[in-house]
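Here is what each chain is made of, one letter per residue.
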Amino acid sequence: MKKYVCDVCGYIYDPALGDPDANIKPGTAFESLPDDWVCPMCGAGKDNFSLA
């Protein structure tokens, strides 16, 4: 699965890890994240992420 990087702070969303703090299970593709998911580091929206 592809990793995505936050263009604001550099956080990398790794689908293999998910986002446990937001109850996103490991194996969840970036495209499958809820529309209201935000970067856990800076709060930027999904539209501020690009392919890593």
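Provided above is the structure to which this section pertains.
Residues numbered from 1 in each chain as written. Predicted model: local features only at pLDDT ≥ 70, side-chain atom pairs only at ≥ 80, totals over all residues. Heavy atoms only, no water.

## Re the overall build of the chain
Moving on, step 1. Each helix and strand counted, the chain has zero helices and three strands in total.
Moving on, step 2. Element order for the chain, N to C, with α for helix and β for strand: β-β-β.
Moving on, step 3. Compactness check: the chain gives a C-alpha radius of gyration of 10 Å against a globular reference of 10 Å for 52 residues, within 12% of the reference.
Moving on, step 4. For the C-alpha atoms alone, the extent of the chain along its principal axes is close to 25 × 20 × 15 Å.
Moving on, step 5. For the chain, buried positions account for 35% of its 52 residues. (Helix = DSSP H or I, 4+ residues; strand = E, 2+ residues; numbered from the N terminus. Rg over C-alpha atoms; globule rule 2.2 N^0.38 Å. Buried < 20%, exposed > 50% of the residue type's maximum accessible area, 1.4 Å probe, protein only.)

## Remarks on the side chain of Asp-19
Moving on, step 1. Looking at the element boundaries, Asp-19 is found in the loop between β2 (12–13) and β3 (49–51).
Moving on, step 2. Of the buried charged residues, Asp-19 lacks a salt bridge, with Lys-46 as the closest side chain of opposite charge at 12 Å. (Lys, Arg positive; Asp, Glu negative; His and termini not counted. Salt bridge = Lys/Arg side-chain N within 4 Å of Asp/Glu carboxyl O.)

## A few points about the nonpolar core
Moving on, step 1. Counting residues in hydrophobic clusters, the biggest one holds eleven residues: Tyr-4, Cys-6, Tyr-11, Tyr-13, Ile-24, Phe-30, Leu-33, Trp-37, Cys-39, Ala-44 and Phe-49.
Moving on, step 2. Excluding anything up to four places from it in sequence, Ile-24 contacts Tyr-13, Gly-18, Asp-19, Leu-33, Pro-34 and Trp-37. (Core = buried A, V, L, I, M, F, W, Y, C linked by side-chain atoms within 4.5 Å. Contact = heavy atoms within 4.5 Å.)

## Focus: the sheet that holds β2
Moving on, step 1. Taken in spatial order, the three strands make up an open sheet running β2-β1-β3, and their pairing is antiparallel. Edge positions in the sheet fall to β2 and β3, since each has one partner strand and no second.
Moving on, step 2. Bridging between strand β1 (residues 4–6) and β3 involves three bridges; their strand directions are antiparallel. Across the sheet, the residue bridging to Cys-6 is Phe-49, located in β3. (Pairing = 2+ DSSP bridges.)

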